[in-house]
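# Reading the structure
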Amino acid sequence: MLSRTRRSRVPSRPFRLTVAASLATVALLAATGCTSTSTDDADGRTALVTHQQEAPVTVVGGATAPERAVEASRALFASSPVAVLAADGDAAGQAEAAHEAERLGVPLLLAPAGAPAASPSAGPSSDSPSTGPSVLAAELDRLDVETVLAVGDVGTIDGAGVEIATRASSVDVPDPATPLDDVLAVVAGAEDVAATATARAAGAEVQALPEGVVDLQASGEAIDALHASTTTDTVLIGSSFSTVRDAAWSVAAARSGAQLPGGGQRFFPDRRFVALYGAPGTGALGVLGEQDVAATVQRAADVAASYDAASDRPVVPMLEVIATVAAGAAGDDGDYSNELSVESIEPYVDAAAAAGQYVVIDLQPGRADFLSQAKRYESLLSRPNVGLALDPEWRLEADQVPLRQIGGVEAGEVNAVSTWLADLVASKGLPPKMFVLHQFRLDMLRDRASIDTSRPELATLIHADGQGSQPDKQATWRALHDGAPAGVAWGWKNFYDEDVPVLSPEQTMADVSPTPDLVTYQ
């Protein structure tokens, strides 16, 4: 554990604070694993000791600034003979207090505005266990604080054995000590002056998200900063972080430095994708195979650029590469699917990455299952610019043959694939992946309401890829939206030869409602 041992001596004066630590509050702190680990110097005074992080990522995400100030203190300090105190809502006082806390290298706490008075003899506090003054008093007790530097009007508190100082000059400046330089504090929003000051006082590196940004992975600037940081642990400060479903993965993904084309690590609604679809080496299955790799990447860029004027979002070129192709013959393995080698697809992935384009690997499994086929391409799916598409039209039963029947898949099989893919993303600290589900008939995705879209590592998209007349395509588009799983994005396919007529980019953006997140060309 890194430690910072310092002393502070101030003139003795009774300190009255209108709070006391109740038994209920002490129980709350014990339940969160925050127990006092303070040590004493040889003369019996409390030592100033920073708190080694127990996990790579710690979330300081309480509902109020006073609560987050306490959480930051718990996360970063094991004990402190001195704490600085300012009032919640007093911006000027907090600014001054932050300066003093950072100068002294001690926590900054906030007295809740309008807190009712209490005394040690008043019994258990009726205040909220998360934001009330009893939590503040309990934190002072946990830190074994001997002196509080009060900045501004912080009210009065009964605190036996605690001294108060109202002038910074009366508090000795501690001797320099080793900083807690293995911690990076990421701060969302400007309201956490106290928690941020505590992080700086502990010697942590501090990175503020850009103004208005509350999602770590949405900020290319923050991702660059985390990637460049030499720290090993991360503290996330801000109420917005309380809703992050997997903070450890979110930070690991950001620290990887990998960003999606267009910046950041969020697919929708930050950007729109325009893709070419097909199989390498043949134009029979789509436009992607009509030219060589370099020309394919250039064609994808040109088609995407044709949407720039009509799109209300930045447009990113994409390739959807058919990796397993449904076949009319059983083949040696009897699955009616021809699996392309990883080596045959790699040139497309490499060229797309160099050009700032995304790639989705498409599976047409025949009588095989989606999961076994997806695992064939784990090395490609381990790259940050590669996602996965399932095409249930070609997922057939044991007695079915491609082009004779239209296949379908159960939600359980889709969920098995999404779980495996999300676990791969999480284990490797990758940015999220696009997970595409093709559909033009309702029975292609059976029990669709049971499809799991909860994993933050995946951006699930339902792709309506029917062909034909525009009235028929629009009717299918509307039908697919009815009863769809919550939180999915949407894709639309334009067929150069089969659609009547083929929509222009302007028509696609204007006539297809809601406007698709992905437009694919075949």
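Read on for an overview of the structure. Note that the structure is a prediction, hence the values are computed from the model and not measured. (Residues numbered from 1 in each chain as written. Predicted model: local features only at pLDDT ≥ 70, side-chain atom pairs only at ≥ 80, totals over all residues. Heavy atoms only, no water.)

Further remarks concern unusual backbone geometry. With omega at 0°, the peptide bond leading from phenylalanine 268 into proline 269 counts as cis. Within the chain, aspartate 144 stands out as a residue other than glycine whose phi angle is a positive 60°. Relative to the elements of secondary structure, aspartate 144 occurs in the loop between α4 (133–143) and β6 (147–150). (Helix = DSSP H or I, 4+ residues; strand = E, 2+ residues; numbered from the N terminus.)

Its location among the elements puts proline 317 in strand β12 (residues 315–326). Residues proline 317 and alanine 352, spaced 35 residues apart in sequence, show a C-alpha to C-alpha distance of 8.8 Å. In this view, proline 317 contacts Val274, Ala300, Ala301, Ala304, Gln357 and Tyr358; residues no more than four positions away in its chain are not counted. (Contact = heavy atoms within 4.5 Å.)

This part is about the packing of aromatic side chains. Both the distance between ring centres and the angle between the ring planes are used here to describe each pair of aromatic rings. In total, this model carries nine aromatic pairs according to the counting rule given. With centroids separated by 5.7 Å and ring planes inclined at 40°, the aromatic side chains of phenylalanine 267 and phenylalanine 273 adopt a geometry described as tilted. Judged on exposure class, the residue phenylalanine 267 and its partner phenylalanine 273 are both buried. Taken together, a centroid distance of 6.0 Å and an interplanar angle of 75° make the contact between phenylalanine 268 and phenylalanine 273 edge-to-face. (Phe/Tyr/Trp six-rings, centres within 6.5 Å; stacked < 30°, edge-to-face > 60°. Buried < 20%, exposed > 50% of the residue type's maximum accessible area, 1.4 Å probe, protein only.)

Further remarks concern the sheet that holds strand β8 (residues 183–187). Taken in spatial order, the four strands line up as β2-β10-β8-β9 in an open sheet, and their pairing is parallel. The sheet is open, and its two edges are formed by β2 (57–60) and β9 (205–208), each paired on a single side. Each strand of the sheet is rotated relative to its neighbour by a mean of 20°, with strand direction disregarded. Relative to strand β10 (residues 233–237), β8 is paired through five bridges, and the arrangement is parallel. The residue of β10 that forms the bridge with valine 183 is aspartate 233. (Pairing = 2+ DSSP bridges. Axes fitted to C-alpha atoms, helices over the stretch in contact; angles between N-to-C directions.)

Counting buried positions along helix α7 (residues 247–256) yields seven of 10 residues, so the element is predominantly enclosed. When α7 is considered as a whole, its buried residues turn out to be Ala247, Trp249, Ser250, Val251, Ala253, Ala254 and Arg255. In this fold, the buried residues of α7 make contact with β2, β8, α6 (220–228), β10 and α12 (411–428). Positioned one or two residues after α7, glycine 257 has a phi angle of 85°, which is positive.

Within the element layout of this structure, alanine 304 appears in helix α8 (residues 293–305). Judged by its relative accessible area of 2%, alanine 304 falls in the buried class. Counting along the chain gives 30 residues from alanine 304 to valine 274, while the straight-line C-alpha distance between them is 5.2 Å.

Another point: the side chain of asparagine 494. The residue asparagine 494 is located in strand β20 (residues 489–494) in this model. A relative accessible area of 0% places asparagine 494 in the buried class. There is a polar contact of 3.2 Å between the side chain of asparagine 494 and the side chain of threonine 508. With residues near it in sequence (within four places) discarded, asparagine 494 still touches Tyr307, Asp499, Leu503, Thr508, Val519, Thr520, Tyr521 and Gln522. (Polar contact = N/O pair within 3.5 Å; in protein donor to acceptor, adjacent residues only side chain to side chain.)

A regular strand places its side chains on the two faces of the sheet in alternate fashion. Most of β8 sits out of view: five of its five residues are buried. Alternating residues of β8 divide into Val183, Ala185 and Val187 and Leu184 and Val186, and every residue in both groups is buried. Alignment of β8 against β9, held across four bridges, turns out to be parallel. Looking at the pairing, leucine 184 lines up with glutamate 205 of β9. In this fold, the crossover linking β8 to β9 by way of helix α5 (residues 193–201) has right-handed handedness. (Right-handed = clockwise from strand over helix to strand, strands pointing away.)

This part takes up the sheet that holds strand β4 (residues 82–87). The strand order across the open sheet formed by four strands is β5-β4-β6-β7, and the pairing between neighbours is parallel. Here the strands that pair on one side only, and so sit at the sheet edges, are β5 (108–111) and β7 (163–165). In this sheet, adjacent strand axes meet at a mean angle of 35° when their direction is disregarded. Looking at chain direction, β4 and β6 are connected through four bridges and run parallel. In the sheet register, valine 84 faces β6, and the bridge partner there is leucine 149. Each of β4, β5 and β6 is contacted by helix α3 (residues 91–104), which is oriented at about 170° to β4, the strand it contacts most.

In this section: the pairing of β10. By the criterion of burial, β10 is predominantly enclosed, with five of the five residues buried. Bridging between β2 and β10 involves four bridges; their strand directions are parallel. In the sheet register, valine 60 faces β10, and the bridge partner there is isoleucine 237.

A word on the packing of α6 against α7. Where α6 meets α7, the closest approach of the two axes is 6 Å, and the angle between their N-to-C directions is 80°. Here α6 lies roughly perpendicular to α7, going by the angle between them. Residues Ile223, Leu226 and His227 of α6 lie in contact with α7, whose contacting residues are Val251, Ala254, Arg255 and Ser256. (Parallel < 35°, antiparallel > 145°, perpendicular 65-115°, else oblique.)

Remember, this is a structural readout, not a statement about activity or role.
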